[in-house]
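Architecture and fold: a report
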Amino acid sequence: MNKRFDIQRPYYHVPNMHEETHAISKNVQRAKGYTSSENSDAEVESLPQDFLRDDFEGLPELSEFEVVRHFTLLSQLNFSIDGGFYPLGSCTMKYNPKINDKVAGMDGFVGLHPYTPSQFSQGALEVMFSLQEALVEITGLKACSLHPAAGAQGEFVGVKMIAAYHRNKGDSKRKYIIVPDSAHGTNPASAALCGFLVKQVKSGPNGTIELADIEKLLDDSIAAVMLTVPNTLGIFENNISEISRLAHERGALMYCDGANLNALVGQVDFKAMGIDVMHINLHKTFSTPHGGGGPGAGPVVVSENLVDYLPIPVIRKNGEDRYDLDYSVPHSVGKFRAFYGNFGMLVRALCYIYAYGSDQLKSISDTAVLNANYIRARLKGSYHLPYEQPSLHEVVFTDKWQEKESHVSTLHIAKRIIDYGFHPPTVYFPLVVSGALMIEPTETESKATLDRFVDSMIEIAKEAKDNPDIVKTAPHRAGFKKMDETRAARHPILTWNDSESD
Ligand SMILES: *Cc1c(COP(=O)(O)O)cnc(C)c1O
């Protein structure tokens with residue numbers, strides 16, 4: 001048994017092979033994982049002599065049962081949303097209905113080659129067209145491209161469109177994009193990748209952008225303002241229309257990072273807010289399990305002024321029931337990836353949207369916001385709340401009180417919550433809050449789960465007072481003790497090494 005898997009977990013036991021047992025086991029005939037069939041000699045003879053090996057020494061020989069146990073154990077080593085509450089803020093780890101995986105896995109979808117000509121892929125094109133239409137309706141904007149493969153790529157495509165727009169107008173002096181200090185790191189990175197410089201605007205005492213601060217920066221060197229709505233503190237920026245008005249007056253465009261749309265589906269009209277282009281993370285709002293680094297989708301939605309800049313191809317409906325790929329977008333920013341989008345994610349998103357319909361989609365956001373505010377109300381006597389503004393889908397606390405009283409930090413609290421059976425919240429993000437603990441419960445958790453989580457957090461706050469060591473040395477009940485994170489980063493063990501096993 002490999003030492004790395006020789007661990008104690010509360011809910012299963014990995015046998016620890018005792019030396020003595022090991023010695024005996026060497027003499028016991030090893031289980032065979034494979035038995036060749038009677039006819040196999042004929043196959044072997046047909047192989048050239050040079051390719052045959054006569055020594056099988058050193059190859060692992062395991063029974064099917066051992067292999068099954070090994071992989072079942074591996075599948076349980078990671079915490080997952082299907083195993084427990086996963087309150088990561090800014091990631092929206094919500095339950096994704098399994099029916100959507102099932103539909104995305106239907107033969108007609110998975111068997112379709114992405115370059116099948118459009119006359120033979122009308123069903124898939126209809127799915128994509130319908131999703132474009134749904135996202136246009138949900139945002140209030142004009143047109144949509146399902147091209148980008150993730151939120152960050154949506155930003156990249158969106159900022160490319162902004163660059164092309166100014167270039168096409170012969171306006172070459174716009175070198176800067178304004179990004180708030182609370183933004184996701186992908187925002188300044190996308191701006192830089194597209195050749196812009198970033199001007200940072202600081203969040204005010206309420207966690208939102210102050211109009212006067214942005215007004216000072218807005219001159220004719222600004223290409224766009226990138227706002228995150230709701231922002232990464234879980235707060236709704238309250239001057240959006242006014243910021244848009246000022247930006248447009250001075251020739252700049254408005255980019256909206258809509259990754260966290262889960263808080264706002266059906267609640268706001270982005271057109272009325274003056275947004276020119278936004279991306280939506282389908283994998284944070286409209287189904288698709290994520291968190292394991294799997295594929296996502298970050299469609300961009302634009303207002304009229306950017307319709308001619310969309311990536312190609314655009315999916316169009318021609319006549320009653322015919323769908324086509326249109327490559328003739330006049331100022332298109334081009335193609336950013338192979339094929340036409342992460343199709344499986346698009347199927348899941350459309351299933352999700354159609355399953356709920358407009359009324360219920362709105363209620364998803366209502367419940368997500370209610371749940372975050374419930375946690376906020378129940379925890380605010382135990383943890384320091386840096387901003388008094390009401391929360392939307394997520395709430396940010398800090399370790400200020402625990403740190404001051406007993407040097408218990410956010411990292412300690414995060415490790416201790418593992419002992420109570422929960423995945424830790426997002427920690428130390430957003431960067432503008434010192435010792436941030438960012439909790440996003442989503443709409444899919446029951447009150448009973450939220451109460452268990454809150455009770456555990458309150459218990460940890462008590463422990464931090466009465467018995468800080470137990471928090472500082474956590475986790476105690478997880479498979480692993482606290483990691484040496486520096487060593488893990490500097491000397492990662494990435495391969496199987498037989499000499500480590502025994
Ligand atoms: C998640 C997130 C992103 C990045 O999305 P990816 O799909 O991970 O690339 C960008 N901005 C915000 C506010 C986010 O929460």
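Quantities reported herein were computed from a predicted structural model and do not represent experimental measurements.

1. Thoughts on the sheet that holds strand 8 (residues 277-280)
The 7 strands are arranged 3-9-8-7-6-4-5 in an open sheet whose pairing can be described as mixed. The sheet terminates laterally at strand 3 (143-145) and strand 5 (197-201), the two strands that pair on one side only. Averaged over all pairs of adjacent strands, the angle between their axes in this sheet comes to 25 degrees, without regard to strand direction. Contacts from helix 10 (residues 240-249) reach strand 6 (222-228) and strand 7 (253-258), with the element oriented near 145 degrees to strand 7.

2. Points about the site of the ligand
Looking at the ligand, there are 14 residues lining it, with Gly151, Ala152, Asp257, His283 and Lys284 nearest. Measuring from an oxygen atom of the ligand, one finds a side-chain N or O atom of Asn281 at 3.0 Å. Against a free-state accessible area of 380 Å², the protein chains account for coverage of 86% of the ligand. In terms of residue count, helix 7 (residues 151-168) provides more of the shell around the ligand than any other element does, 3 residues in total. The class makeup of the residues in the shell around the ligand is 3 nonpolar, 8 polar and 3 charged.

3. What to know about the environment of Glu459
Of note, Glu459 is situated in helix 15 (residues 447-466). Along the backbone, Glu459 and Ile417 are 42 residues apart, and their C-alpha atoms lie at a distance of 9.8 Å.

4. Structural notes on the packing of helix 14 (residues 410-419) against helix 15
Viewed as axis vectors pointing N to C, helix 14 and helix 15 meet at an angle of 125 degrees, and their least axial separation amounts to 10 Å. By the angle between their axes, helix 14 is oblique relative to helix 15. The element helix 14 and its partner helix 15 pack so that their crossing is right-handed. Here Ile413, Arg416 and Ile417 of helix 14 come into contact with helix 15, specifically with Phe453, Ser456, Met457, Ile460 and Glu463.

5. A closer look at a nonpolar patch on the surface
A cluster of nonpolar side chains, namely Leu62, Val67, Phe71 and Leu74, defines an oily patch on the protein surface of about 330 Å² accessible area. Residue placement: Val67 occurs in helix 3 (residues 64-77). Residue classification places Val67 among the partly exposed residues on the basis of a relative accessible area of 34%.

6. Section: the pairing of strand 5
As defined by bridge partners, strand 4 (residues 176-180) adjoins strand 5 across 5 bridges and the pair is classed as parallel. Looking at strand 5, one finds that Pro180 is bridged to Val201. In this fold, the crossover linking strand 4 to strand 5 by way of helix 8 (residues 186-193) has right-handed handedness.

7. Describing the nonpolar core
Core analysis: the biggest nonpolar cluster contains 60 residues, and Leu135, Phe270 and Phe286 have the highest contact counts within it. When residues in this core are grouped by element, the largest group, 12 residues, is from helix 12 (residues 343-379). When residues of this core are assigned to domains, at least three fall in each of domain 1 (98-356) and domain 2 (362-488). In this view, Phe270 contacts Thr139, Leu141, Cys256, Leu261, Leu264, Ile275 and Met278; residues no more than four positions away in its chain are not counted. In terms of nonpolar packing, the next biggest core, distinct from the first, is built from 29 residues, Ala164, Ala183, Leu253 and Val300 among them.

8. Some details on the environment of Arg337
Its place among the elements puts Arg337 in the loop between strand 11 (322-326) and helix 12. For Arg337 and Gln153, which are 184 residues apart along the polypeptide, the C-alpha to C-alpha distance reads 9.6 Å. A distance of 3.4 Å separates a polar atom in the side chain of Arg337 from the backbone oxygen of Gly341. Engagement of the side chain of Arg337 in a polar contact is seen with the side chain of Asn342, the distance being 2.8 Å.

9. Focus on the sheet that holds strand 13 (residues 426-427)
Within a beta sheet, neighbouring strands are joined by backbone hydrogen bonds and run either parallel or antiparallel to one another. Taken in spatial order, the 3 strands of this open sheet run 12-14-13, and their pairing is antiparallel. Looking along the sheet, the strands with just one partner apiece sit at the ends: strand 12 (395-398) and strand 13. Relative to strand 14 (residues 436-439), strand 12 is paired through 4 bridges, and the arrangement is antiparallel. If you follow Thr398 over to strand 14, its bridge partner there is Ala436.

10. Here's the deal with the packing of aromatic side chains
Following the criterion strictly, the structure yields 13 aromatic pairs and no others. Each ring, one from Phe109 and one from Phe343, has its centre 5.5 Å from the other, and the planes form 65 degrees; the classification is edge-to-face. Of the two residues, Phe109 is situated in helix 5 (residues 107-110) and Phe343 in helix 12; the sequence distance between them amounts to 234 residues. Ring pairing ties together the aromatic residues Phe85, Phe422 and Phe453, which thus form one cluster.

11. Description of the pattern of salt bridges
Under the criterion given, the structure shown has 18 salt bridges. Between Asp213 and Lys216 there is a salt bridge, and its shortest N-O distance comes to 3.7 Å. On the criterion of helical spacing, the pair formed by Asp213 and Lys216 is a turn pair, its members being 3 residues apart in helix 9 (residues 211-217). Of the residues examined, Lys216 reaches a relative accessible area of 66% and is grouped as exposed.

12. Re the confidence of the model for the protein
Here the protein averages 89 in pLDDT, while 88% of its residues score no lower than 70. Throughout residues 1-18 the model reports pLDDT below 50, and contacts reaching past four residues in sequence, or to other chains, amount to 36 contacts.

13. Re empty space enclosed by the protein
Scanning the entire structure with this criterion turns up 3 cavities of 30 Å³ or more. Each pocket or cavity is described by its volume, and for the largest cavity that value is around 50 Å³. Lining the largest cavity we find Leu233, Ile235, Arg376, Leu385, Tyr387, Gln389, Ser391, Val395 and Val396. Of the residues that constitute the lining of the largest cavity, the class distribution is 6 nonpolar, 2 polar and 1 charged.

Cut-offs and rules
Residues numbered from 1 in each chain as written. Predicted model: local features only at pLDDT ≥ 70, side-chain atom pairs only at ≥ 80, totals over all residues. Heavy atoms only, no water. Pairing = 2+ DSSP bridges. Helix = DSSP H or I, 4+ residues; strand = E, 2+ residues; numbered from the N terminus. Axes fitted to C-alpha atoms, helices over the stretch in contact; angles between N-to-C directions. Contact = heavy atoms within 4.5 Å. Near = heavy atom within 4 Å. Polar contact = N/O pair within 3.5 Å; in protein donor to acceptor, adjacent residues only side chain to side chain. Areas by Shrake-Rupley, 256 points an atom, 1.4 Å probe, with all protein chains shown as cover. Nonpolar A, V, L, I, M, F, W, Y, C, P; charged D, E, K, R; others polar. Parallel < 35°, antiparallel > 145°, perpendicular 65-115°, else oblique. Left-handed = near helix turned anticlockwise from the far one by under 90°. Patch = residues over 30% accessible without salt bridge, like charges linked within 9 Å, V, L, I, M, F, W, Y side chains within 5 Å. Salt bridge = Lys/Arg side-chain N within 4 Å of Asp/Glu carboxyl O. Buried < 20%, exposed > 50% of the residue type's maximum accessible area, 1.4 Å probe, protein only. Right-handed = clockwise from strand over helix to strand, strands pointing away. Core = buried A, V, L, I, M, F, W, Y, C linked by side-chain atoms within 4.5 Å. Domains from an automatic or database assignment. Phe/Tyr/Trp six-rings, centres within 6.5 Å; stacked < 30°, edge-to-face > 60°. pLDDT = per-residue confidence, 0-100. 1 Å grid on protein atoms, 1.4 Å probe; cavity = no way out; pocket = protein on both sides within 12 Å on 5 of 7 lines; lining within 4 Å. Points joined across faces, edges and corners; volume = space filled by probe spheres on them.

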